[in-house]
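# Architecture at a glance
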Amino acid sequence: MASEEELFASVDALLEAEPQLPPPAERARLREMAGITQARLAIALKTTTQSVKNWENGRSEPKEPRLSAYQRLLTGWAARFSPHGPPTSAPVPAPLPAVPQTPVPDASAGPAAPEATEAAPGAPVKTPAVQVTREQERPARPAATSRRPATKRAAKPVGTDPRFPHGPLAVVDGDGTAYGVDGIVLDCPASTIPDLVEWTLRQSGLGAAKLNRYGKDSDPLIVLTAAAAVKLGLPERLEGHEQRRSLRLPEDHPVVKQVVKAKWQLTQRGFGPWARIYRKAQGRERQCVQLAILSWDALDERSWPGVTEMEPADIARVLGVYATRVITPRGSTAVSGLELMTALRPPTKAVQDPGTGNWVSGYNPGSLGTEPVDPAPPEATAEHPVVVNSGWSGGFLDEEAYQWVRDVDHLTGEEAALPWAVGLDLNTAFLAAAARLTVGLSAPDHFHHPQFNPKIPGSWLVDLSHIELDPRLPSPFTPTGERPTGPAWYQTHTVAYAQELGHNVQPIEAYLRRETGAYLDPWHDRLKTAYVDTLADLGVTRDLSDAEFLAAMERHKQADPAMAAVLAAIKATVKGGVGKLRERPQGRAYKQGEKWPALSRPTWRPDIRAAVISKARVNMHRKLNNMVKLTGLYPLAVLSDCVVYPSPGQSPLDFLPYAESGKPQPGGFRLGPTPGLAKLEGVQPMMWAVDLMEQGHNPARHIKGGDAVLDEGE
């Protein structure tokens, strides 16, 4: 038997061992809760941003002395952001008064449901009772109306927040089975929509913790299959011309009446494919449930390919991974992309009033605040009240993605003799452009004849028509690739690129913003991690050689259709979120000059959208220019983030620039799975491409072998 001395020696050895860090995913969660970017953490720990990303992806671990410092930081964050407050051994400060958060308007239409204030530190948290599967087998029912897997698993805790032990969402089928994340199966006894809402809030254990310390928790999401919708009194499909046109049930529908009678409310969107049902908060507890009806096309096939045809458990898996890596869906992927910006950069935080000492709601630095700001006239759209009411006729920004085809007269015989046209697609090019992008946070100020400063975000009236460039390349200054014909409005990145190319720029006037910041940085970091991790789940990892990468990309969609759908949704979130920054009015009844609902939110920011697209187009041209220097090759066509080159072979490996060591040459297009790197889009015979060019069509649109979706970031 071991002696006391031996036991104490063993314990001392454990105490002296290297610090143990929490799991990688928890490290990232704690950092995001603290509102700290990976870049800022890297500066604090005197390391690189890539090292921090590796620690949070589990690809590497820090060494001493950073290990101890990192553990100390994570321990402090864990104590601060624990749902139960700081450890009981430490003195617990008196709870702060609740700070009301200004509601963020619904991204698609009217105002969002009222938000509850967050619980004070150390406040007790109610945890819903655990639900389990039914012990007896349910009666059989037609497979066409309700589907379920052959095996079932009892509910088990998931995630790290004890308030939401069953994850962010559930897919409810017609027999009352609710499928959650990680194989969880719950029993939902609800027979009406009000019953379903009550069960979700009181018993389901569903929800998700806030993404920023100053933000709000995500409301639970309940997804209804067609069979579940019918059981709860909803039509399997929206019926009649008016319902289909308005995408909502009429106010006199029995289910809408049930909701109102039970003293629940619907947002201004009404009861549509994404219905949000709420009551005013009681105390500090939010009372809001998000519904999604699958048979009403809640999940767009373009953003969620194949998902509506999956089994309920697989749908829960797809949406659960998306909710964990991105955000709990709150509408279309475009709506979710915009909501993610606000969730990561909340508009308000608790501040102490110096006069009274009371805690009040105040501006959160780095956010867009709670009030919308009018754009400068050249940044707006033609129907915007700023334009119509002022009689503005000075032109508009035209910062859009490339749609360019080279004139066939500039095609050489050597190029035409090459056998293949090969298309390259840049991974999430808009997301890559959002990295470290400084944008304006305040309203614009007007200046005449200012000196150009590439560090100030804004819109500049400049004449770039004197700049001559090789006609075998698109102009970097226009989305059509044509040379400018006179003074025009440009975003800062476009004008800065003219300077980079060695040309003098003399602005005539400008609309500039004094308050600036990297507003999209946390949005970029979260979506980039989600994109890279999802590709890795599909077998496409960073450590592959270029040949291995191309092979993995060719088969990745077949590796796991569910994860392939998650990847498609992430990409749609990026493009849709950027597009929502300049959402246009909808509906036949709209009249020019009237305000439309999107203008009521602080995230209606066409200048930020223009900055992203301008930087993405400049990034594309810079690579095109470098490819000429490295290989002598000129593109045949460019469409947004796809470029087509003439090639001697059917692979990008046949024309991309490599050093003698086999490594890619810097500056040109490079293959890889991260945002901004390239992948194979498609291959067609060269004569096929030339025929399209002669007809005025863009080969980049059809290089896959079918029509591509026009991608302008809308």
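Residues numbered from 1 in each chain as written. Predicted model: local features only at pLDDT ≥ 70, side-chain atom pairs only at ≥ 80, totals over all residues. Heavy atoms only, no water.

This part covers the pattern of salt bridges. For the structure on display, the rule yields 30 salt bridges. The shortest N-O distance in the salt bridge between arginine 330 and glutamate 339 comes to 2.9 Å. Looking at arginine 330, the relative accessible area reads 11%, which means it is buried. Since its relative accessible area comes to 5%, glutamate 339 is described here as buried. Across the salt bridge formed by glutamate 583 and arginine 601, the nearest N and O atoms sit 2.7 Å from each other. (Salt bridge = Lys/Arg side-chain N within 4 Å of Asp/Glu carboxyl O. Buried < 20%, exposed > 50% of the residue type's maximum accessible area, 1.4 Å probe, protein only.)

The mixed open sheet is built from seven strands, whose spatial order is 3-2-1-4-7-6-5. On the outer flanks of this sheet lie strand 3 (185-187) and strand 5 (265-266), each paired with one strand and no other. This element, helix 10 (residues 312-325), spans strand 1 (169-172), strand 2 (177-179) and strand 4 (221-224) of the sheet and lies at about 160 degrees to strand 1. (Pairing = 2+ DSSP bridges. Helix = DSSP H or I, 4+ residues; strand = E, 2+ residues; numbered from the N terminus. Contact = heavy atoms within 4.5 Å. Axes fitted to C-alpha atoms, helices over the stretch in contact; angles between N-to-C directions.)

The subject of this paragraph is the sheet that holds strand 14 (residues 458-463). Pairing is antiparallel across the open sheet formed by four strands, whose spatial order is 13-16-14-15. A strand with exactly one partner marks an edge of an open sheet, and here the two such strands are strand 13 (445-448) and strand 15 (487-491). With strand direction ignored, the average angle separating the axes of adjacent strands in the sheet is 20 degrees. Here helix 15 (residues 492-500) sits on the sheet in contact with strand 14 and strand 15, set at roughly 105 degrees to strand 15.

A word on unusual backbone geometry. Here the bond from glutamate 64 into proline 65 is cis, since omega is 5 degrees, no more than 30 degrees from zero. Its location among the elements puts proline 65 in the loop between helix 4 (49-57) and helix 5 (66-81). Of note, the phi angle at aspartate 297 is positive, near 65 degrees, even though the residue is not glycine. Here aspartate 297 lies in the loop between strand 7 (288-293) and helix 10. One non-glycine residue, threonine 428, adopts positive backbone phi at about 35 degrees. One can find threonine 428 in the loop between strand 11 (420-426) and helix 14 (429-434).

Once that is clear, we can look at the confidence of the model for the protein chain. Per-chain confidence: the protein chain averages 86 in pLDDT, with 84% of residues scoring 70 or above. Predicted confidence is poor over residues 84-159, with pLDDT under 50, and the contacts of this stretch with residues over four places away or in other chains come to 166 contacts. Overall, residues 708-714 carries pLDDT values under 50, and its contacts beyond four positions in sequence, including any with other chains, amount to 22 contacts. (pLDDT = per-residue confidence, 0-100.)

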